[in-house]
Amino acid sequence: MDIDNQEDPFLAFIDYARSILSPVEGDEDGEIYDPSTNGSESTGPGWSWIASRILKTCIAYSSGVTSAILLSDLSQAWSEQRRSGVSRKRPEIISHLKKKHRRNKLANTVTIDSVYEKNFLSLSSVLEAVIVDAFVLPGTNIYMLTLGDFRSSNTIDLYLHRRYYDLVDPQSGILKRGREIFLTGCYLRTAREGSGSPRLLPTEYLVILLDDDQDDDAMLIAAQFCSDSFSSISFNEASTGVSYSLYARIESIQSKEIQGTSGSVQRKEITLVDNDGVRLEFLLWGEQVLLANLFSVGSMLALDRPYIASSAESSIETSHELCLEYGSATQLFLAPFLQHEEQVYIPLTLNRYQGSRLMSTGDPTQGFKVTQVALPCDSQGSVDFCSYPFQSFVTDLRDKMTSISLYGVVADIFRERKTAEVIFSLKIEDTTGAIWAKLHFARSWSFGRVGIGHTVYLSGLSCHLRKHNGLEATWYDNAAGASFVNLSCLPALLNSSCLHKLSRLSDLSSEASCTYICRVRLDQVDQCHVNTRFSHSLCGHVVNKMPSGDAECSFCHCNCDAEVVRTFHLKITLADETGKVFAWCIGQTATELLQISPDEFYDLPEDEQFMYPSSLENESFVVALVNCQRQGYGLSQSITQEADAIPWEITRALRR
């Protein structure tokens, strides 16, 4: 395996894998690389897709991976993704409509072909379908829709929910041959459960697509949805049975969890803006939140007979006294936002930090060079970097960038204290600079132990220019494409020679910001310090006993009495043939080094606890080491107390 980049083996392997999956990039004149042509022969996967897939495989194979395992998984996954975009034989009506199909698929979309292959359909899956036929089941009054999609050769029948029967009239109904619909919340009746082919059982969660470029749809919008506005809604009139038909743009979609008397309930808050600029919240409750999978920011939503509710009774913070809900008679229509593309220049940092492998063929004087990248841009002007072919660096970040991936070192991290939301501020640093990112969690921190100096990978970041705070990066744990991986604590890393290189202890530098992998032995164990403490099981950090007697996490700053576990805090000398280093560790890493559980150690008599480390003299391990006290790191001092002024942390250990 020929790898040029020797500075970071993980980044080098991504470069190598990309050269295997997409050996040719750009056009022959070196003009524009267009990653949006999913499934074409001339383009390959984006940098973040490869990085995320490698890390996903490492998490699945915790005992370690090889180059062959990773390349095989990458190749198979990319082939499957390309096949999903390749057209095959399909009904003529779909082939005709596909010629003008310009819409990007939704996040949870599955194909009808995949439903047949897996004989399974999850409730949260989305079908972007075209009606091939509408008919009455013989001998009944049950309406059926035969559905196809743009990526499948198969069709499937749907039992239409009675909520939509008035829209399937053969003479004037809108649900007819050629109409596009989105649906979710479907149950699959497999062939084994009945006769014939699989069918979809009725679902209430269906949205009918409109195309305002088509005369019939434009007339429908004007006639049915443009006479009412948000300002014309009267709560008193709605209470007496007056119905409204409304048309507005989707501005944002937010997730909430509401605590009730019988537990919590999920809620989606969809902010709508009508043609007068008036905002109103459209709420989805419980299972209804599945409907939000069918929406996208920037699309126009038409609501026929929404339920008019009081904002106060619905417990939402808004200046408007009313809000909209999905009632038993509500029908939804959608004019999807069609993305256009914006030409984004490849930043100069590409040449400096990624070398020439991605920029040219084997002979730089003969090969072409990519000078521009075409990426999708939404209605707000935000550019989607999900398919960006190269690694993004901090210095590249600009206003209105979304789906960004960053790979770097944790320079600082702490929880925001002046908000009821679960928000952590993370300062991530790479070779070009550092930026603060606000990490938003729906419930609580959910990524295990993260500390100063740890190497992490984040995907799904967005950047916005704030009036007072300058450029700000934000990240939401429940957003599509969002991931967070701590490579310094990744079990597979120690046993995957293709993703790391072994260093000697003499190579350790106090100025370095990386994760070192070293083969060491335990030394001077008579001088090691072993303590048992209590830690928060969700984040791995120590807990403090408060005056009230409650346990508070030093990292999450929350009461965690129900989530406290006993853990080790270990300070020990590591040695190899080139030198020695005094280091510390906590949690599972300390347990691996001591080869005994904290509870078992705690139950030992005091004299046996004192003597126990002597049995570990010269035991050999492969360890991951990070510098947790580099100058300028951890200035918030939220978790630096665990280090006890020792600069080197052992983040992972594997006995040899």
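Each remark here, short or long, concerns the structure printed above.
Residues numbered from 1 in each chain as written. Predicted model: local features only at pLDDT ≥ 70, side-chain atom pairs only at ≥ 80, totals over all residues. Heavy atoms only, no water.

### What about the nonpolar core?
We apply this condition: Residue types Ala, Val, Leu, Ile, Met, Phe, Trp, Tyr and Cys, when buried and joined through side-chain atoms within 4.5 Å, form a set referred to as a nonpolar core. Any residue under 20% of the maximum accessible area for its type is buried, any over 50% is exposed, and the rest in between are partly exposed; the area is computed with a 1.4 Å probe on protein chains only. Reported domain spans reflect what an automatic or database domain assignment gives. Should any heavy atoms of two residues lie within 4.5 Å, those residues are considered in contact.
Grouped together as the largest cluster of nonpolar side chains are 65 residues, with contacts concentrated most on Leu-147, Phe-282 and Phe-295. Looking at which domains feed residues into this core, each of domain 1 (103–209) and domain 2 (215–335) gives three or more. Those residues in contact with Phe-295 that lie beyond four places of it in its chain are Leu-106, Val-207, Ile-250, Ile-253, Ile-270, Phe-282, Leu-284, Leu-301, Leu-332 and Leu-334. Core analysis: the next-biggest nonpolar cluster, separate from the first, contains 46 residues, Ile-404, Phe-484, Val-543 and Cys-628 among them.

### With respect to the pattern of salt bridges
Operational definition: When a carboxyl oxygen of Asp or Glu lies within 4 Å of a side-chain nitrogen of Lys or Arg, that pair is called a salt bridge. In DSSP terms, a helix is any run of H or I states spanning at least four residues, a strand is any run of E spanning at least two, and both are numbered starting from the N terminus.
Within this structure, the stated rule accounts for 17 salt bridges. Between Asp-217 and Arg-179 there is a salt bridge whose closest N-O contact spans 2.9 Å. Residue Asp-217 is located in helix H6 (residues 215–225), and its partner Arg-179 is located in the loop between strand S4 (156–159) and strand S5 (180–184); the two are separated by 38 residues in the primary sequence. Residue class for Asp-217 comes out buried when judged on its relative accessible area of 6%. Using a relative accessible area of 14% as the deciding quantity, one classes Arg-179 as buried. A salt bridge links Glu-416 to Lys-438, with the shortest nitrogen-to-oxygen separation between them at 2.8 Å. A residue pair is termed long-range when its members are at least 10 positions apart, and Glu-416 in the loop between strand S19 (401–415) and strand S20 (422–430) and Lys-438 in strand S21 (residues 433–441) qualify at 22 residues. Exposure remark for Lys-438: the relative accessible area of 25% places this residue in the partly exposed category. Look at the salt bridges and you will find they share partners, linking Asp-166, Asp-304 and Arg-305 into a network.

### A short note on the pairing of strand S10 (residues 263–274)
Basically, it comes down to this: When DSSP finds two or more bridges between two strands, those strands count as paired.
Bridge analysis of S10 against strand S11 (residues 279–285) gives seven bridges, and the strand direction is antiparallel. By the bridge assignment for S11, Thr-271 is matched with Glu-281. Hairpin geometry of S10 and S11 is characterised by an intervening segment of four residues between the two adjacent antiparallel strands and by a positive phi of about 85 degrees at Gly-277.

### Focus on helix H2 (residues 47–60)
Count 3.6 residues to each turn of an α-helix, and residues three or four apart come out pointing the same way. We count it as follows: Every helix has an expected span of 1.5 Å times one less than the residues it contains.
Its 14 residues place the ends of H2 20 Å apart at the C-alpha level, agreeing with the 20 Å of an ideal helix rising 1.5 Å per residue. Buried within H2 are the following residues: Trp-47, Ser-48, Trp-49, Ile-50, Ala-51, Ile-54, Leu-55, Thr-57 and Cys-58.

### Comments concerning the pairing of S20
Most of S20 is tucked away: seven of the nine residues are buried. Inspection of the sheet shows S19 paired to S20 by six bridges, in the antiparallel sense. Paired with Val-410 across the bridge in S20 is Ile-428. Judged from the nine bridges that link them, S20 and S21 form a sheet pairing that is antiparallel. Its bridge partner lying in S21, Asp-430 is registered against Gly-433. Connecting S20 to the antiparallel partner S21 that follows it, the hairpin turn spans two residues.

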